Structure formats: C-alpha cells, structure tokens
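Here's the letter readout for the chains.
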Amino acid sequence: MILRGCFRIFLLYDVAEAFDTAKLGELLGSRGSPVQRAFPRRTPEYVSFEHAPVVERACSVSLKTGEQIDCSIKYYAYGVAVAQFELTFECDWEALLLQASRWMNTAELEPCARGVVREHLQKVAPAVIRPSDDWLQEQYFVIDLQAIQGADKTLSATELLAEHGNQIVQLIRGEVSPLAPRTAEEALQASASYYSSDLVVVGSSAAFVYDRPEDAAATIQILEYARTQLLEFRYYDNLMTRVLAAFYSALDQKRPIRLWRRGLPRDAAHLNTLRLDVMELTERVDNAIKFVSDIFYARVYRLAAGRMGVPDYRALVEQKLRTAGELYQFMADQFNEARTFVLEVAIAIACLLDVILLFRGK
C-alpha cells in the first residue's frame, strides 16, 4: 500500500498589530492573491473571511541538509504572518510514520522560517501597522493524504479508521511506536467526515486530512485559522499579565498620598485605554470568520479550537479583561473619593473663614 500526499508545516508569527490588506495586495502585485473567501460543501455564503488573508507565493528554501522545500507566506489582517512549508511524500505507512516524526519534531525549520518572514516583511513594510519587535510563535503540522495506491478498494473513512486508526494517531502525535489503546481511542474522538470518503483527525500539534485536494485545502485553512487564534489569544494573555502586574506594582508603591492621588486618574485612564484596545483586537480576531450551526467546517473548527486550547486562552484573556475593568473601577472610585474629601475640606475651611471674619467684623 503506497500513500501519496504532502506534509504541510505551518510556522505562525505575531509580527504586528495589523496588516493593511488593500495596500498589501498593491505591494505584492502578481506575487500575491487573497485566499478563497467562501467554503465549499453547501456552506452558506455569509460564512467567509471578512478580510481574506493574502498569500504570497515564495520560492524554494534550502535547508542545511541540502533539501529544497517549497515555501509560501500568508498575511492575516490582524497581524499574523504564516510561513508554510510543503514536502511531498510517496511511501508506505511505516516510512510515513518515520518521516512525519522527523518533520514534526525538527527544529531546523523555525530559524529558516523566521528569516524568510522577516525578509518578506521588509518588502511590504508600508502595509505593516505597528510592527512588533518580539515575535510570539506557534507551529502546526498537517499530514495531507491525497491518495492510497495498492489497496483492493477505495477505503472509506470508516474503513481507514478501523484498519489504520492507530497509525493515524501516531502521525498526529509524531510517534513511531504504537500508543496505548486508551490514548488512541481518545485521539480519534476528534475526527469528522462529510462524505464517506473523506476524513479529518485533529490533534493539539498536528492533524491528518484525507480528502480531495480542493476540499482538503478548505479544511486545512480552518485548521490554520484556529492556530492563528491560539497565537493571538496567547499574545493578549501575556500582554494583560504584564499590564496588570505593572499596575499592581504601581498601586503597592509607598508614595506620598498627595502625589498618589494626582497620578491616579492618569493611571486609570491608561489602564482603561489598554483594556479597550485589547477588547477591540480580540473582537477583530473572533470576527475574522464566524462559524454557526452544524455545517461541516463549523464542526472542524470547534474540534480544532478545542484540541488546540483556543477556548482556554480566550477564557484567560476575558478573565483578565474583567479584572482590568474592576481595577479601573476601583481606581476611579478612589479618585472620586479623594476628590470628594478635598472638596469637603475646602468647604469646611471656607465656612470656618466666614465665621472668623464674621466675629472679627463684630
């Protein structure tokens, strides 16, 4: 049994606050094009990218081993750049497990991808809004199985899972040794099919896709989008952690009360501005594409997001945003209380002066 397909390795970087996709298209010209906005398989037209990511077709990249790998760059409107490497395979299951384990666990691609992304960002610098110096990074691996040769018949998704479920789990875990039955059973619960002839199994670090090329491309796009969400929510989680720590430290400083009161409204306004900025950016990521109902790609997205941990990081960000809101309210209340106290003291002093002047007049 010979398996034909492609390894797709995604290296994702949070490089800026946003991309101006219109200007990006002008700068790239014929080298770039937006991805397909809509999705196949009876998906409603309104389920599409609000701002479709732009793909730049890049040249081949040479590794230190002498191997040549095709690479492309994809730009998401909310500031994520993705380097995608493609490697074709044609082998049996045993060789596929070895190759998948090697490419899934390799460290040689990341420096190469970072250099390629940095080089291409310099060429489209006018379209980059508020670039970041410290890039947060994520990685994802997809085994795109396109054909199985040598089988007695075309395998359905059910037969593929029954006969080769253990190998599929090993592929998405990057393992060459068989896993425990309980582990394999749990991993295969994150699987979905539209027709009897297609299959996607999603893991936290990799996914297995068996489908026609045009339909597989849409499924892989959903997996990539879910990973960009994880990257962005990780970034916002780190940002809010630093912001809250800085404000807690400022509140704990032992400063004279007069100076502390004077700086309080400025600190509170700065905190609230940051909170609102993060809320706006998270909404932009969430609203890039909306999945509803029980359409196939909605189910794939929910499987991918759940396995990758997107809801967990979103919950962390939302909790820290609530904490920031409560801290802002506390600081505003403290300032209002101090201002009221000062006004009351001023009124008391004015009244006392009036009484003194009244007695002196007599």
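Each value, and the rule that gives it
- Residues numbered from 1 in each chain as written.
- Predicted model: local features only at pLDDT ≥ 70, side-chain atom pairs only at ≥ 80, totals over all residues.
- Heavy atoms only, no water.
- Patch = residues over 30% accessible without salt bridge, like charges linked within 9 Å, V, L, I, M, F, W, Y side chains within 5 Å.
- Areas by Shrake-Rupley, 256 points an atom, 1.4 Å probe, with all protein chains shown as cover.
- Salt bridge = Lys/Arg side-chain N within 4 Å of Asp/Glu carboxyl O.
- Buried < 20%, exposed > 50% of the residue type's maximum accessible area, 1.4 Å probe, protein only.
- Phe/Tyr/Trp six-rings, centres within 6.5 Å; stacked < 30°, edge-to-face > 60°.
- Helix = DSSP H or I, 4+ residues; strand = E, 2+ residues; numbered from the N terminus.
- Lys NZ or Arg CZ within 6 Å of the ring centre and 35° of its normal.
- Contact = heavy atoms within 4.5 Å.
- Pairing = 2+ DSSP bridges.

### Some thoughts on a nonpolar patch on the surface
Together, Phe-341, Val-342, Val-345, Ile-349, Leu-352, Leu-353 and Ile-356 give the surface a local cluster of nonpolar side chains, amounting to about 650 Å² of exposed area. Residue classification places Leu-352 among the exposed positions, given a relative accessible area of 51%.

### Comments concerning the packing of aromatic side chains
Summed over the entire model, instances satisfying the criterion amount to 10 aromatic pairs. With 5.6 Å between their ring centres and 55° between their planes, Tyr-13 and Trp-135 make a pair best called tilted. Here Trp-135 lies in strand S6 (residues 128-149) and Tyr-13 lies in strand S1 (residues 2-19), a separation of 122 residues in the sequence. Looking at Trp-135, the relative accessible area reads 9%, which means it is buried. Taken together, a centroid distance of 5.5 Å and an interplanar angle of 65° make the contact between Tyr-235 and Tyr-236 edge-to-face. Ring pairing ties together the aromatic residues Tyr-194, Tyr-195, Phe-296 and Tyr-297, which thus form one cluster. Above the plane of the ring of Trp-135 lies Arg-118, whose end atom (NZ or CZ) is 4.2 Å from the centre.

### Side note on the side chain of Ser-101
Structurally, Ser-101 can be placed in helix H2 (residues 93-105). Under the relative-accessibility criterion, Ser-101 is labelled buried at 15%. With residues up to four places along the chain from it excluded, the contact list for Ser-101 reads Gly-174 and Val-176.

### Things to note about the pairing of strand S4 (residues 68-75)
Here S4 lies mainly inside the structure; six of its eight residues are buried. When strand S3 (residues 54-62) meets S4, the two strands line up antiparallel, connected through seven bridges. Within S4, the position partnered with Val-61 by the bridge is Ile-69. Pairing analysis gives six bridges linking S4 to strand S5 (residues 80-91), with the strands arranged antiparallel. Pairing of Cys-71 across the sheet is with Phe-85, part of S5. Hairpin geometry of S4 and S5 is characterised by an intervening segment of four residues between the two adjacent antiparallel strands and by a positive phi of about 90° at Gly-79.

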